[in-house]
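The chain contents come next:
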Amino acid sequence: MANVLIIGAGGVGGVVTHKCAQVPEVFERITLASRTLEKCDAIASQIDRPIRTEQVDADNVPELAALIREIKPDLVVNVALPYQDLHIMDACLETKTDYLDTANYEPPDEAKFCYKWQWDYQERFREAGVMALLGSGFDPGVTNVFCAHAAKEHFDEIHYVDIMDCNAGDHGHPFATNFNPEINIREITQRGKYFESGDWVETDPLSVHKTFDFPGIGPREMYLMYHEEMESLTKHIPHIKRMRFWMTFGQEYLTHLRVLENVGMTRIDPVVFEGHEIVPLKFLKALLPEPSSLGENYSGKTCIGCMIEGVKDGQPRKYYVYNICDHAQAYKEVKAQAISYTTGVPAMIGAMLMVTGVWRGEGVFNMEQFDPSPFMEKLNIHGLPWTEKFL
Ligand code: NDP
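Just so it is clear, the structure is predicted and the values come from calculations on it, not from any experiment.

**Some words on the overall build of the protein**
Check the secondary structure of the protein and you find 14 helices and 18 strands. For 391 residues, the compact-globule formula gives about 21 Å, and the C-alpha radius of gyration of the protein, at 20 Å, lands near that figure. Seen through its C-alpha atoms, the protein measures out along the principal axes to roughly 55 × 55 × 40 Å. Across the 391 residues of the protein, 58% fall into the buried class. Here the analysis covers contacts within the protein between residues at least 6 apart in sequence; of these, 70% occur between residues at least 24 apart. Computed over 36 positive and 56 negative side-chain charges, the inter-centroid distance for the protein is 2 Å.

**Quick word on the environment of Asp48**
Considering the arrangement of structural elements, one finds Asp48 in the loop between helix 2 (37–44) and strand 3 (52–55). The class for Asp48 is exposed, based on a relative accessible area of 79%.

**A word on the packing of aromatic side chains**
This structure, assessed with the given rule, holds 17 aromatic pairs. The interplanar angle of 75° and the centroid separation of 5.4 Å between the aromatic rings of Tyr105 and Trp117 together place this pair among those described as edge-to-face. With a gap of twelve residues between them, Tyr105 in the loop between strand 5 (98–101) and helix 5 (116–119) and Trp117 in helix 5 connect regions that are remote in the sequence. Among the aromatic residues, those joined into a cluster by ring pairs are Phe175, Tyr223, Phe249 and Tyr253. In this structure, Arg124 packs its charged tip against the face of Tyr121, placed 4.0 Å from the ring centre.

**A closer look at the site of the ligand**
Taken together, the neighbourhood of the ligand is formed by 29 residues, with Val12, Arg35, Thr36, Lys39 and Ala58 sitting nearest. In this structure, Gly10 approaches the ligand through a main-chain N or O atom, which is 3.2 Å from an oxygen atom. A total of 940 Å² of accessible area belongs to the ligand in isolation, and the protein chains cover 94% of it. Looking at side-chain class alone, the shell around the ligand contains 14 nonpolar, ten polar and five charged residues. A domain split of the shell around the ligand shows at least three residues from each of domain 1 (2–138 + 343–375) and domain 2 (142–335).

**Section: the pattern of salt bridges**
For side chains of opposite charge, pairing can occur when their charged atoms come near one another. This structure, assessed with the given rule, holds 17 salt bridges. The partner of Lys152 in a salt bridge is Asp371, with the nearest N and O atoms 2.8 Å apart. Linking Lys152 in helix 7 (residues 142–153) with Asp371 in the loop between strand 17 (363–366) and helix 14 (372–381), this pair joins segments that are 219 residues apart in sequence. A relative accessible area of 44% places Lys152 in the partly exposed class. Counted as one network, the salt bridges with shared partners bring together Arg52, Glu54 and Glu70.

**Notes on the domain arrangement of the protein**
Once the domains are mapped, the protein shows domain 1 (2–138 + 343–375) and domain 2 (142–335). A separation of 22 Å is found between the C-alpha centroids of domain 1 and domain 2. Carbon and sulfur atoms make up 60% of the area that domain 1 and domain 2 hide from each other, which totals about 2800 Å². Broken down residue by residue, the surface that domain 1 buries against domain 2 is led by Phe113, Phe138 and Glu368, which jointly contribute 30%. In this structure, Glu333 engages Lys19 in a salt bridge whose closest nitrogen and oxygen atoms are separated by 2.5 Å.

**Side note on the sheet that holds strand 2 (residues 27–34)**
With parallel pairing, the seven strands of this open sheet are ordered in space as 3-2-1-4-5-6-17. Unpaired on one side and paired on the other, strand 3 and strand 17 mark the two borders of the sheet. Strand-to-strand twist in this sheet, taken as the mean axis angle between neighbours without regard to direction, amounts to 20°. Sheet topology note: the strand 5/strand 6 (residues 131–134) ladder contains two bridges and is parallel. Following the sheet pairing, Tyr99 is matched in strand 6 by Ala132. Where helix 1 (residues 11–21) meets the sheet, it contacts strand 1 (2–7), strand 2 and strand 4 (75–78), and its direction lies at approximately 165° from that of strand 2.

Rules used throughout
Residues numbered from 1 in each chain as written. Predicted model: local features only at pLDDT ≥ 70, side-chain atom pairs only at ≥ 80, totals over all residues. Heavy atoms only, no water. Helix = DSSP H or I, 4+ residues; strand = E, 2+ residues; numbered from the N terminus. Rg over C-alpha atoms; globule rule 2.2 N^0.38 Å. Buried < 20%, exposed > 50% of the residue type's maximum accessible area, 1.4 Å probe, protein only. Contact = heavy atoms within 4.5 Å. Lys, Arg positive; Asp, Glu negative; His and termini not counted. Charge placed at Lys NZ, Arg CZ, Asp CG, Glu CD. Phe/Tyr/Trp six-rings, centres within 6.5 Å; stacked < 30°, edge-to-face > 60°. Lys NZ or Arg CZ within 6 Å of the ring centre and 35° of its normal. Near = heavy atom within 4 Å. Polar contact = N/O pair within 3.5 Å; in protein donor to acceptor, adjacent residues only side chain to side chain. Areas by Shrake-Rupley, 256 points an atom, 1.4 Å probe, with all protein chains shown as cover. Nonpolar A, V, L, I, M, F, W, Y, C, P; charged D, E, K, R; others polar. Domains from an automatic or database assignment. Salt bridge = Lys/Arg side-chain N within 4 Å of Asp/Glu carboxyl O. Buried area = accessible area lost by both parts, 1.4 Å probe. Pairing = 2+ DSSP bridges. Axes fitted to C-alpha atoms, helices over the stretch in contact; angles between N-to-C directions.

Given below as structure tokens:
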């Protein structure tokens with residue numbers, strides 16, 4: 001039975017803690033540590049199993065390594081922010097502890113969304129005999145597993161993948177982001193990019209869009225964006241010809257975003273204001289609702305899945321695999337909205353497969369490098385059932 005240390009007491013951290021607590025036969029001891037102890041305590045108080053809570057600055061490697069030495073976890077689950085990834089990986093290396101996260105490292109002063117820095121840890125993790133599992137959320141995460149499942153069960157060659165992420169929920173705020181506002185806005189305002197015939201093709205931000213009829217939701221406008229799982233998937237799917245990522249946005253959201261961008265509020269470089277340096281996007285984050293606070297009155301559903309085309313037994317095949325998640329139901333179960341839920345559940349499942357030895361390796365891994373079947377099975381059991389269709 002495992003001892004797990006979860007870092008980050010935000011929307012996703014709350015879900016991971018609840019979901020690990022629901023599986024006492026695997027997660028015997030759970031510690032939740034974050035920058036603000038009260039947030040850890042607030043989550044722990046929602047759960048009727050003892051959860052140890054700790055204050056930690058995950059950017060301070062010696063402080064974090066000392067905490068890991070004291071707790072001796074089998075695994076560190078990083079659901080703080082992408083800025084912390086390398087520091088937490090350093091502390092894991094120092095203490096020879098396994099590592100899992102849900103988002104790739106981001107330098108605080110540039111928007112990059114690439115795995116380069118974390119893949120550079122491959123040799124060090126291998127030599128230390130420990131494992132790092134990258135991107136065990138929904139997208140990245142389940143979308144990678146969906147592709148691996150399609151490759152294993154339904155295709156001889158995969159040629160085209162469209163990952164489509166729809167949130168048709170209503171949180172009642174004119175503008176809010178469903179996960180950390182800094183990361184979310186960085187992701188959406190960067191240039192679009194997709195993979196075609198061995199190359200990356202760039203597009204102006206949110207300039208390419210089309211309508212898709214999402215199951216359980218109906219037609220929504222979705223916009224082409226770059227998303228990090230495409231970097232590893234295009235590397236690991238051998239015959240891939242084109243891969244794109246699409247996300248839906250409402251007009252109200254896009255109008256707010258355009259205004260914020262036009263006035264400079266989404267900038268990530270520091271500006272001097274009344275003698276102080278401030279980063280406009282960090283200031284904007286301070287004004288926006290916390291993602292973890294959105295759950296209570298959130299209604300509607302999310303639908304995230306992969307449309308895949310390729311060949312099986314010499315015949316062309318088109319296949320769609322997706323999950324639908326309901327905001328209100330997620331709140332009822334774990335006091336979180338569906339975006340945190342769809343990220344936190346796969347983080348718990350990834351953790352479960354690691355600590356039980358089902359997914360094992362030494363080095364740094366992306367999700368699609370492991371057998372997808374146990375993960376697909378656990379999605380159905382732990383709150384994210386999936387549907388597949390041949391079209
Ligand atoms: P939140 O902003 O709600 O939570 C982040 C938490 O990390 C906060 O509790 C914050 O503390 C804590 N934190 C920040 N810096 C530090 C630090 N230096 N030391 C310790 N704790 C720190 O974000 P979310 O919960 O929405 O997102 C968590 C992660 O999940 C992000 O990396 C996000 O990108 C990722 N994600 C992945 C998705 C996927 O599908 N793969 C989808 C959605 C999110 P404090 O409260 O004090 O600020």
